[in-house]
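Fold and geometry: a report
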Amino acid sequence: MSASTARTVPTEPHVMPTFGRLPIAIARGQGCRVWDTEGRSYLDALAGIAVNTLGHNHPEFVAALQQQMTEVIHCCNYYYTPNAEKLAEKLTTFSGMTNVFYCNSGLEANEAAIKLARKYGHDKGITNPQIVVYEKAFHGRSIATLSATGNAKLQKGFEPLLEGFIRVPLNDIDALKKATEGNPNVVAVFFETIQGEGGINPMQMQYLRDVRALCDQRDWLMMVDEVQSGMGRTGKWFAHQWAGVVPDVMPLAKGLASGVPIGAVVAGPKAAGVLTAGTHGSTFGGNPLAVRAGLETIRIMEKDNLMGNAARMGQYLMDAFTREFANVTGVKEIRGQGLMIGIDLDRPCGAIMQRALDAGLLLSVTADSVVRLLPPLILTQAEADELVSILVPLIKNFLAEQA
Ligand SMILES: Cc1ncc(COP(=O)(O)O)c(C=O)c1O
């Protein structure tokens, strides 16, 4: 059945309407493809918003989870579980950092990072610690992470927000120096290497190196939210590694366990000893099913060189879009790295999500005018070609109609 066949629109009167849903219900997936409950198929260029690293129904991944479920799904954090250490060892080796705290989502990882930064300050005698954050940032929707987020629309209605954040523009080292000049309360600089929800806005490599140097000089923590850009999506384990820097604190989630909820905070020597027994915790954090999913995701990524694939397919898509949209009025910029790509249009384009759905393609529009692609890291060249062949005419038609 083609995606544009007339649909029965699903309803969910008992679910809180916190999401403006599109009118399909997803029933199953296979690789980079999903099917709705009425049998229509879609190419998945969103991967559950950068979550399904291995695509859907990956046979080795599913078999590992099934085996794990027969052993133990959950036991509380009073006890050791062997795979928590194995996954932590992988993450610290890949990042050049030393220790991991586990939780269940991106916002929880960021919440832990914010708490860590505050305690880092208190341990040094700073009673009113402040954290530098960025315009257009997105760190989550808890009160602390929403306060760190740079989007007034998302914050409206939830005031009072948390104090203790200093906001600066992206990629402007002088602005960062000026905003913190003579302020002894600053404890950390907190940012996404490539802002995801904010519109695929990359930090410049030199800026990252300058921030690292400033953090060293002033004894601040460099805290890099790799929740969306991490876990191989840009062609390195973590996007900041393109700049050759090592942060002090790195929240992860999304793609880490390929769809099983998990969050993690990786910390380096300056930060790893700050959260001690009893100072932070999480019931589900690092549970045996989640860490097994993380380990298996990494095992398959390494075996099949999925980071290499992300870099290759990302460049392939970038080249195709650059070629196809050259001289197309209305396409302002194509940004991103690896399989984290944003096509920035000169006008609001939320309607493209529905149009893509009608054409059999899942994607998202973020920051009002940026078409965002975050496909699974298993994307093949044939699927990349299919993506281009659906999306390019769709965007061109959209722009021509609105001209
Ligand atoms: C960079 C970044 N940080 C944090 C979050 C929040 O993650 P979660 O939705 O798992 O709480 C997101 C979600 O989009 C994100 O992109």
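Before going into details, it helps to say that this report is about the structure given with it. On a predicted model such as this, the values are computed, not experimentally measured, just so you know.

Two numbers describe how helix α7 (residues 173-180) lies on helix α8 (residues 205-218): the axes approach to 10 Å, and their chain directions differ by 25 degrees. Relative to α8, the element α7 lies roughly parallel. The crossing of α7 and α8 is right-handed. In this structure, α7 contributes I173, L176, K177 and T180 to the contact, and α8 contributes Y207, D210, V211, L214 and R218. Residue composition of the contact of α7 with α8, by class: five nonpolar, one polar and three charged.

Within the largest apolar cluster, 67 residues are counted, with the highest numbers of intra-cluster contacts made by F321, L345, I352, L391 and I395. When residues in this core are grouped by element, the largest group, 10 residues, is from helix α12 (residues 381-402). With residues near it in sequence (within four places) discarded, L345 still touches G330, V331, K332, I352, S369, V371, I395, F398 and L399. Within the second largest apolar cluster, 24 residues are counted, among which are A109, V133, L221 and V265.

Right, let's get into the environment of N185. Inspection of the secondary structure puts N185 in the loop between α7 and β7 (186-192). On the accessibility criterion, N185 (23% relative accessible area) is partly exposed. Along the chain, N185 and I126 lie 59 residues apart, while their C-alpha atoms are 6.1 Å from each other.

It is worth spelling out unusual backbone geometry at this point. Here the amide bond leading from E159 into P160 is cis, since omega sits at 5 degrees, within 30 degrees of zero. Topologically, P160 is positioned in the loop between α6 (152-155) and β6 (165-168). A positive phi is found at K254, a non-glycine position, where the angle reads about 35 degrees. Within the secondary structure layout, K254 lies in the loop between β11 (249-252) and β12 (263-267). For K254, a relative accessible area of 23% translates into the label partly exposed.

Next up on the list: the sheet that holds strand β15 (residues 361-362). In space, the four strands of this open sheet follow the order β1-β2-β3-β15, with mixed pairing throughout. Of all the strands in the sheet, the pair left with one neighbour each is β1 (26-30) and β15. Inspection of the sheet shows β1 paired to strand β2 (residues 33-36) by four bridges, in the antiparallel sense. From the neighbouring strand, I26 faces β2, where its bridge partner is D36.

Moving on to the site of the ligand. In the neighbourhood of the ligand, 13 residues make up the surrounding shell, with G106, L107, D225, Q228 and K254 lying closest. Side-chain polar atom of K254 to an oxygen atom of the ligand: 3.2 Å apart, as the coordinates give it. Summarising the interface, the protein chains cover 83% of the accessible area of the ligand, which totals 390 Å² for the free molecule. Element by element, the count of residues in the shell around the ligand is highest for helix α4 (residues 106-123), at three residues. Grouping the amino acids of the shell around the ligand by side-chain chemistry returns three nonpolar, six polar and four charged.

What follows covers the sheet that holds strand β17 (residues 370-373). Spatial ordering of the open sheet is given by β13-β14-β17-β16, a layout of four strands whose pairing is antiparallel. Two strands in the sheet have a free side with no partner beyond their single neighbour: β13 (331-337) and β16 (364-366). Strand after strand, the sheet turns through a mean of 25 degrees between neighbouring axes, direction not considered. Here strand β14 (residues 340-345) runs beside β17; their pairing, made up of four bridges, is antiparallel. Bridge pairing links G342 to R372 in β17.

What follows concerns the side chain of S142. You can see S142 is positioned in the loop between β5 (130-134) and α5 (143-148). In this structure S142 touches L107, E111 and S147, once residues within four positions along its chain are discounted.

This brings us to the environment of Q206. Within the secondary structure layout, Q206 lies in helix α8. Judged by relative accessible area, Q206 falls into the partly exposed class, the value being 43%.

What follows concerns a nonpolar patch on the surface. There is a patch of nonpolar side chains on the surface, built from I143, F158 and L162 and spanning about 270 Å² of accessible area. Topologically, I143 is positioned in helix α5. Residue I143 is classed as partly exposed on the basis of its relative accessible area, which comes to 41%.

The rules behind the values
- Residues numbered from 1 in each chain as written.
- Predicted model: local features only at pLDDT ≥ 70, side-chain atom pairs only at ≥ 80, totals over all residues.
- Heavy atoms only, no water.
- Axes fitted to C-alpha atoms, helices over the stretch in contact; angles between N-to-C directions.
- Helix = DSSP H or I, 4+ residues; strand = E, 2+ residues; numbered from the N terminus.
- Parallel < 35°, antiparallel > 145°, perpendicular 65-115°, else oblique.
- Left-handed = near helix turned anticlockwise from the far one by under 90°.
- Contact = heavy atoms within 4.5 Å.
- Nonpolar A, V, L, I, M, F, W, Y, C, P; charged D, E, K, R; others polar.
- Core = buried A, V, L, I, M, F, W, Y, C linked by side-chain atoms within 4.5 Å.
- Buried < 20%, exposed > 50% of the residue type's maximum accessible area, 1.4 Å probe, protein only.
- Pairing = 2+ DSSP bridges.
- Near = heavy atom within 4 Å.
- Polar contact = N/O pair within 3.5 Å; in protein donor to acceptor, adjacent residues only side chain to side chain.
- Areas by Shrake-Rupley, 256 points an atom, 1.4 Å probe, with all protein chains shown as cover.
- Patch = residues over 30% accessible without salt bridge, like charges linked within 9 Å, V, L, I, M, F, W, Y side chains within 5 Å.
- Salt bridge = Lys/Arg side-chain N within 4 Å of Asp/Glu carboxyl O.

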